[in-house]
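Breakdown of the fold
Chain by chain, the residues run as shown.
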Amino acid sequence: MSKPKILVAHAIFPETIARLQQHFEVETNQADEAWPKAQLIGKLQGKAGALTTGADRIDAGVLAGCPDLKICANMAVGYNNFDVDAMTARGVLATNAPDVLTETTADFGFALLMATARRITESEHFLRAGQWNTWRYDMFAGAEVHGTTLGILGMGRIGQGIAKRGAHGFGMKVIYHNRSRLDAATELECKARFVSREELLRSADHLVLVLPYSPASHHAIGAAELALMKPTATLINIARGGIVDDAALALALREKRIAAAGLDVFEGEPRVHSDLLSVPNVVLTPHIASATVPTRLAMATLAADNLIGYLTQNKPLTPLNPAVLAIK
Ligand code: 8YV
């Protein structure tokens, strides 16, 4: 019997491809870019499954053009690249890759916070440019981290990981805002206090965004929100581009209405708003918060195991629309 065909929309670990090849005929995108929609539809013809990343949009248009598709397994915890309702309506299973990246992503959130507060990349550029001639009392004097107030918007697993690092490692006072309040035991573990969105914006010395992207969170941080923040505050976004209005942020940074920002995600990435590229008080990284070798391998393995589990035994590990299983 011939094996079902699947598409891997971006190059991934050879060992993950080998694991998939035990069950499927695998076609992989070897280019360094996501396929544009028409090409993705073309590549998905005859494919029962796809291993996707956040860069691959699976919407009603793609689904309409791919009648053979049964599952899309995202190698990401976030899945705003999926139209899950459209997938459910077409009987296509959606899976994501939760948990395996939580601590690594929280580590990175803290690294970005530290780099931003202490102006690490800005000072390195200065040194590399040969501009370091002498000692100055205020040379790259940054913002304090230990003992300050850490604000977290979006208190899921990654937000909780950042809260614990701040509270236990750096003696920070942690405040958070979330759609729903955490239970008392989790608040205690994270040493975190629930506050209103406005208090969060007004009180945080370092504000970290870890909420999922949805139409409701589009531009959750725009000019009005930035205006509420302290002029000494830093803003860290490891969630999704689109949650921050990048043009408004670039202006606030240029006018020193907030001190600095650290951004791992951007509206319309991999393009980055040109105004952000020209302000010095921002640390920019190319969406790498989950990028350690063990974590990326764990994410790829989980996505692969979702494809194998569903297409060979109807048993995916982390389904987002389990209603599809019932229909089958
Ligand atoms: C991914 C992420 O690397 O898991 C997520 O939600 O944002 C990252 O870990 C990215 O989305 C590519 O899939």
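A quick note: this is a predicted structure, and the numbers were derived from the prediction, not measured.

1. Points about the site of the ligand
Near the ligand, the surroundings consist of Thr53, Gly54, Met75, Ala76, Val77, Gly78, Leu101 and Ser290. Its residues assigned to classes, the shell around the ligand shows four nonpolar, four polar and no charged.

2. Here's the deal with the sheet that holds strand E2 (residues 25-28)
Reading across the sheet, the five strands line up as E2-E1-E3-E4-E5 and stay open at both edges, with parallel pairing between neighbours. Every other strand in the sheet has two partners, leaving E2 and strand E5 (93-95) as the edge strands with one partner each. On average, adjacent strands in this sheet sit at an angle of 15° to one another, irrespective of strand direction. Inspection of the sheet shows strand E4 (residues 71-74) paired to E5 by three bridges, in the parallel sense. Looking across to E5, one finds that Ile71 is bridged to Leu93. Along the sheet, helix H13 (residues 293-313) makes contact with strand E1 (5-8), strand E3 (49-52), E4 and E5, crossing E4 at roughly 160°.

3. Things to note about the domain arrangement of the protein
Interfaces are frequently sized by the accessible area removed from exposure as the parts join. Splitting the protein by domain gives domain 1 (5-99 + 293-327) and domain 2 (102-284). In this assembly, four residues from domain 1 lie in contact with seven residues from domain 2. Of the residues that constitute the side of domain 1 that touches domain 2, the class distribution is no nonpolar, three polar and one charged.

4. Observations regarding the UniProt feature "domain: D-isomer specific 2-hydroxyacid dehydrogenase catalytic" (unreviewed entry) in the protein
Within this structure's numbering, the places UniProt gives as "domain: D-isomer specific 2-hydroxyacid dehydrogenase catalytic" (unreviewed entry) are residues 6-321. Annotated as 38% helix and 15% strand, the span residues 6-321 places its first and last C-alpha atoms 20 Å apart.

5. Re the UniProt feature "domain: D-isomer specific 2-hydroxyacid dehydrogenase NAD-binding" (unreviewed entry) in the protein
Look at the UniProt record and you will see "domain: D-isomer specific 2-hydroxyacid dehydrogenase NAD-binding" (unreviewed entry) annotated at residues 110-289. Between the C-alpha atoms that bound residues 110-289 the distance is 10 Å, and the span itself is 36% helix and 16% strand.

6. Looking at the pairing of strand E11 (residues 260-263)
Alternating residues of E11 divide into Ala260 and Gly262 and Ala261 and Leu263, and every residue in both groups is buried. Here strand E10 (residues 234-237) runs beside E11; their pairing, made up of four bridges, is parallel. Bridging across to E11, Thr234 finds its partner in Ala260. In terms of handedness, the path from E10 via helix H11 (residues 246-254) over to E11 forms a crossover that is right-handed. With three bridges joining them, E11 and strand E12 (residues 282-284) adopt parallel strand pairing. Counted as the bridge partner of Gly262 is Val283 from E12.

The rules behind these values
Residues numbered from 1 in each chain as written. Predicted model: local features only at pLDDT ≥ 70, side-chain atom pairs only at ≥ 80, totals over all residues. Near = placed C-beta within 6 Å. Nonpolar A, V, L, I, M, F, W, Y, C, P; charged D, E, K, R; others polar. Pairing = 2+ DSSP bridges. Helix = DSSP H or I, 4+ residues; strand = E, 2+ residues; numbered from the N terminus. Axes fitted to C-alpha atoms, helices over the stretch in contact; angles between N-to-C directions. Contact = placed C-beta atoms within 7 Å. Domains from an automatic or database assignment. UniProt positions renumbered as here; feature names shortened; annotations may be inferred. Buried ≥ 20, exposed ≤ 12 C-beta atoms within 10 Å, placed from the backbone. Right-handed = clockwise from strand over helix to strand, strands pointing away.

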